[in-house]
Each structure stands twice: as structure tokens, then as C-alpha cells.
Amino acid sequence: MTLHALESLPASSKLWVVGLTCPLADTQVESLEGSLSSLLATWTHKGQLYAPAYSILFKQVILIAEETMAHQASGCAIDGLMRKFGTIANHLSLKMINPAESILWTNDQRDYQVSAKSDIPALIQKDSLKPTSLIADFSLETLGELRTQGLFKVSATTWLGRKYFQTLTF
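So, a few notes on the structure that sits alongside this text. (Residues numbered from 1 in each chain as written. Predicted model: local features only at pLDDT ≥ 70, side-chain atom pairs only at ≥ 80, totals over all residues. Heavy atoms only, no water.)

Our next topic: the overall build of the protein. Secondary structure assignment for the protein yields five helices and nine strands. The linear arrangement of helices and strands in the protein, starting from the amino end, is β-α-β-β-β-β-α-β-β-α-β-α-β-α. Taken over the C-alpha trace, the protein has a radius of gyration of 17 Å; the compact-globule value for 170 residues is 15 Å, and the two agree within 12%. Principal axes of the C-alpha set define a box for the protein whose edges measure 55 × 35 × 25 Å. Residue burial in the protein is summarised as follows: out of 170 residues, 42% are buried. (Helix = DSSP H or I, 4+ residues; strand = E, 2+ residues; numbered from the N terminus. Rg over C-alpha atoms; globule rule 2.2 N^0.38 Å. Buried < 20%, exposed > 50% of the residue type's maximum accessible area, 1.4 Å probe, protein only.)

Let us now look at the sheet that holds strand β5 (residues 61-66). Across the sheet, which stays open at both edges, the three strands sit in the order β1-β5-β4 with antiparallel pairing between neighbours. Edge positions in the sheet fall to β1 (14-19) and β4 (53-57), since each has one partner strand and no second. With strand direction ignored, the average angle separating the axes of adjacent strands in the sheet is 15 degrees. In terms of strand pairing, β1 meets β5 through six bridges, oriented antiparallel. Looking at β5, one finds that Leu 15 is bridged to Ala 65. Across the sheet, helix α1 (residues 26-41) touches β4 and β5, and the angle it forms with β4 is around 165 degrees. (Pairing = 2+ DSSP bridges. Axes fitted to C-alpha atoms, helices over the stretch in contact; angles between N-to-C directions. Contact = heavy atoms within 4.5 Å.)

Over the atoms, a rolled probe matching the size of one water molecule traces out where space is still vacant. Looking at the largest pocket, its volume works out to about 200 Å³. The wall of the largest pocket is formed by 13 residues, among which Ile 135, Ala 136, Asp 137, Phe 138 and Trp 159 lie closest to the centre. Secondary-structure elements contributing two or more residues to the lining of the largest pocket are β6 (102-106) and β8 (134-136). Counting residues per element, the lining of the largest pocket draws most heavily on β6, at three residues. Here the residues of the lining of the largest pocket are counted per class, giving seven nonpolar, three polar and three charged. (1 Å grid on protein atoms, 1.4 Å probe; cavity = no way out; pocket = protein on both sides within 12 Å on 5 of 7 lines; lining within 4 Å. Points joined across faces, edges and corners; volume = space filled by probe spheres on them. Nonpolar A, V, L, I, M, F, W, Y, C, P; charged D, E, K, R; others polar.)

Counting through the fold element by element, Ser 93 comes out in the loop between α2 (75-91) and β6. Its relative accessible area of 62% is what places Ser 93 among the exposed residues. Spatially, the C-alpha atom of Ser 93 lies 15 Å from that of Glu 33, the residues being 60 residues apart in sequence.

The first and last C-alpha atoms of α1 sit 22 Å apart over 16 residues, in line with the 22 Å expected at 1.5 Å per residue. Taken together, the buried positions of α1 are occupied by Val 29, Leu 32, Leu 36, Leu 39 and Leu 40. The arc that holds the buried residues of α1, viewed along the axis, is 100 degrees, so those residues lie on one side. Exposed positions of α1 whose direction lies more than 90 degrees from the buried face are Thr 27, Glu 30 and Ala 41. The inward-facing, buried residues of α1 contact β4, β5 and α2. (Expected span 1.5 Å × (residues − 1). Arc of directions from axis to C-beta.)

Here's what the structure looks like:
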């Protein structure tokens, strides 16, 4: 699935970005799509039916967006959705990236890697992680941010740049 599924939603739609530690196999993509479609088609809370859309990018990043959550957020509805998504992930033996502990990055936009934040200095030392490496931004909150900023940012322009690449100029 591509971003096409999200095109019908306005830029203000609430966005959730979930990364997986490994790319999905084709059969896992099919299973996840079926499970997500069922879950999102029936996502309700206190009688409110939500109308989200989702996309699976690079077989490793799941984007879920919903319009009303941007204006009338319900923490309980979001918690319920994420809990059910976690159940689906566990059932399919998928491991989600914890953005507080790991990064999803690439140098060539085809080979995505997940690395622990504690490994970043060694990756830089080996010249694997570079100022030009692309880092997934799990903090995006709206579809508008995704559309204007993109999912990946050049590492030198992120917190990595401030912490590790300060002396470099571009």
C-alpha cells in the first residue's frame, strides 16, 4: 500500500507512525493489511465511529491517520486503538520500534536499518551513519507534516546533527 490511501484525508488529520524492527514478508503484509482493515473499519469509542486510513511503507513503517482525532482527540480511543494494534502485531510476531531507544535509518533509501541509540557513536565512528543518512521521524503528528516534511530527515538536521555532527558544515 502507498500513501495514496491517505490522500483523501485533510492535512490536519492526526497521524501515528509505527516502525517495525524488520521488514515484513509478503505474507505478513497481506495479513497485516487484512487485520488493520478490520480493526480500523470498526474503530469506535463511546458511540463515535472513526474513519481512519492507513498505509504500509517500505514493508516496515505503518502510518495511520484520522481526521476527527486532530480536533476532538480521545486518549481512551487512541489507547484502545494502539492496544488492539499491539495485539495484531503480537499475533503476527511483529516487533515495533521504540523511538525512545532506537532509530530507523538509511543511506540509500532502499536498505532500512534499525539501530539502538546507544550504538550511534560506533556507527558514526565506522562511517556507517553519516550526516547525510536519512532518519525516520516518528514524532510527526499530522498528515500535513508528513506531506510537507516527509517521513525521513537528513540526520545532520535532526537531534543527531546537534549532538554528533555540530562541527560539520553543509
